[in-house]
Amino acid sequence: MAAADHANSTYDRMKELKEFDQSKIGVKGLADSGITSIPRFFVHPPDTLDLKKPTSQTCTKKTIPVIDLSLFNTPTKRHQLVEQIREATSTWGFFQVINHGIPISVLDETINAIKAFHNQPHEVKSKLYNRENERNGVMYATNGDLYRAKAACWHDSLTVYMSPETKRAKEEDIPEACRKEIVAWELHTIKVAEALLELLSEGLGVEAERFKKLGFLDGKLLVGHCYPYCPEPDLTLGIRSHTDSGLTVLLQNQVGGLQVKHDDEWVDVEPLPGALTINIGDFIQIISNDNYISVEHRVLANASKEPRISIVVFFNVGRHTDFDYYGPLPELLSSNKPALYRKFTVPEFLESFFSKELDSKSFIQKVKL
């Protein structure tokens with residue numbers, strides 16, 4: 001029914017989109033209302049949905065690498081860890097880490113807190129629903145790119161800017177249901193990200209502090225996603241295919257749906273208890289001059305009655321001026337290995353990001369030489 005409605009030429013998409021957005025009920029509100037078909041503006045075109053099925057059965061047998069971070073402080077083993085990270089990042093762009101130093105109890109508390117926020121009654125959450133804070137502070141809404149996207153996706157998000165200081169959310173503005181846990185999670189993820197950035201630097205053959213000195217711990221954005229049950233999961237997506245920006249640290253509950261594109265096939269990222277999922281974004285691919293790769297990934301619409309919960313922390317450079325230029329590291333360049341990308345500023349990167357729907361590698365194509 002929804003697909004047929006979608007094709008109806010008399011359908012006023014923008015009117016229905018605004019009515020939904022102004023209701024502030026979010027996707028979870030729709031799911032909780034007991035609907036049996038999704039609104040038309042969530043229906044994706046067939047060419048997008050055709051990609052949901054793997055091209056062969058081999059897809060289901062592949063898994064992203066799992067890396068044990070307990071070797072980090074063992075000098076005689078560290079080179080093995082560097083090589084594992086380098087191999088995973090240059091071929092998959094994605095990997096999971098275990099023994100990362102964050103207690104299981106903290107992982108559970110963080111997931112439960114974000115779930116508790118999304119489970120709050122409409123009258124509580126609606127007070128926080130807004131699109132004004134897309135670039136700073138705290139924002140709760142459905143689909144950050146709702147008005148830029150060709151089709152909406154089946155998720156709600158709580159977005160909290162942690163740094164730089166000019167964008168940082170005031171602690172009292174973070175919803176009380178998850179405030180303590182979000183503040184604590186930031187500190188835990190910084191330690192993991194710092195270790196990973198060292199390993200990524202060493203994997204390129206540059207000094208261990210190189211990525212840190214570039215400022216990759218200075219820009220932090222936390223997003224707590226909820227993917228509620230979808231009555232027509234074959235007509236939409238949880239999040240469309242896209243690539244990230246810098247270094248991404250993901251915590252997820254045991255409801256799957258995340259997929260990574262590898263060798264032109266979609267590979268399921270099975271939730272591994274106690275693990276964190278890590279991936280590389282476009283910014284790092286550019287700076288590494290293609291030694292590391294950012295990879296398309298997406299989340300399928302949730303067919304389970306249990307909501308999928310994920311907490312993503314995006315680490316990127318914090319200097320957002322027109323005077324700081326970024327591009328391939330000079331140490332990686334030679335006459336045999338010239339720069340593959342031109343230099344750019346963070347404002348240029350952000351302007352590109354916020355001018356369109358979530359997508360894959362469009363900025364990489366823009367700055368490619």
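Heads up: the structure comes first, above all this text.
All values derive from a computational prediction rather than experimental measurement.

1. A closer look at the nonpolar core
In this structure, Trp185, Leu247 and Leu276 are the most contacted members of the largest nonpolar core, which totals 89 residues. Of all the elements, helix α8 (residues 179–203) adds the most residues to this core, at nine residues. Sequence-distant contacts of Leu247, that is, excluding residues within four places in its chain, are made with Ala193, Leu196, Leu197, Leu200, Ile278, Asn279, Ile280, Ile284, Val313, Phe314 and Phe315. In this structure, Tyr11, Phe42, Val43 and Ala301 belong to the second largest nonpolar core, which totals 15 residues.

2. Regarding the side chain of Asn130
On the secondary structure map, Asn130 appears in the loop between α7 (122–125) and β3 (138–142). Overall, the relative accessible area of 14% leaves Asn130 in the buried class. Looking at Asn130, its side chain comes within polar contact range of the main-chain nitrogen of Glu132, at 3.1 Å. With near-sequence residues (within four places) excluded, Asn130 lies in contact with Val138, Met139, Tyr140 and Ala141.

3. Brief notes about the pattern of salt bridges
A complete count under the given rule lists 21 salt bridges for this structure. A salt bridge links Lys213 to Glu207; its shortest N-O distance comes to 3.1 Å. You can call Lys213 exposed: its relative accessible area is 53%. With a closest N to O distance of 2.5 Å, Arg210 and Glu331 form a salt bridge. Residue Arg210 is found in helix α9 (residues 210–214), and its partner Glu331 is found in the loop between β13 (325–326) and β14 (344–345); the two are separated by 121 residues along the sequence. Using a relative accessible area of 17% as the deciding quantity, one classes Arg210 as buried. Among the ionic contacts, a cluster of salt bridges with common partners joins Lys62, Asp263 and Glu265.

Quick notes on the rules
- Residue positions are given per chain, counted from 1 along the sequence in the order it is written.
- Per-residue local features of the predicted model are confined to residues with pLDDT of at least 70, and side-chain atom pairs are confined, for both listing and counting, to 80 or more; whole-chain, interface and lining totals are unaffected and use all residues.
- The basis for the side-chain values is all heavy atoms of the structure; hydrogens and waters are excluded.
- Residues enter a nonpolar core if they are buried and are Ala, Val, Leu, Ile, Met, Phe, Trp, Tyr or Cys, with the set joined through side-chain atoms within 4.5 Å.
- A 1.4 Å probe rolled over the protein chains alone gives each residue an accessible area, and that area as a share of the maximum for its type sets the label: buried under 20%, exposed over 50%, partly exposed in between.
- A run of DSSP states H or I qualifies as a helix once it reaches four residues; a run of E qualifies as a strand once it reaches two. Both are numbered from the N-terminal end.
- Residues count as neighbours in contact if any of their non-hydrogen atoms are within 4.5 Å of one another.
- Between N or O atoms, a polar contact is any pair within 3.5 Å; within protein, one atom must be a potential hydrogen donor and the other a potential acceptor, and residues adjacent in sequence are included only when both atoms are from side chains.
- Salt bridges are defined by distance alone: a side-chain nitrogen of Lys or Arg within 4 Å of a carboxyl oxygen of Asp or Glu.

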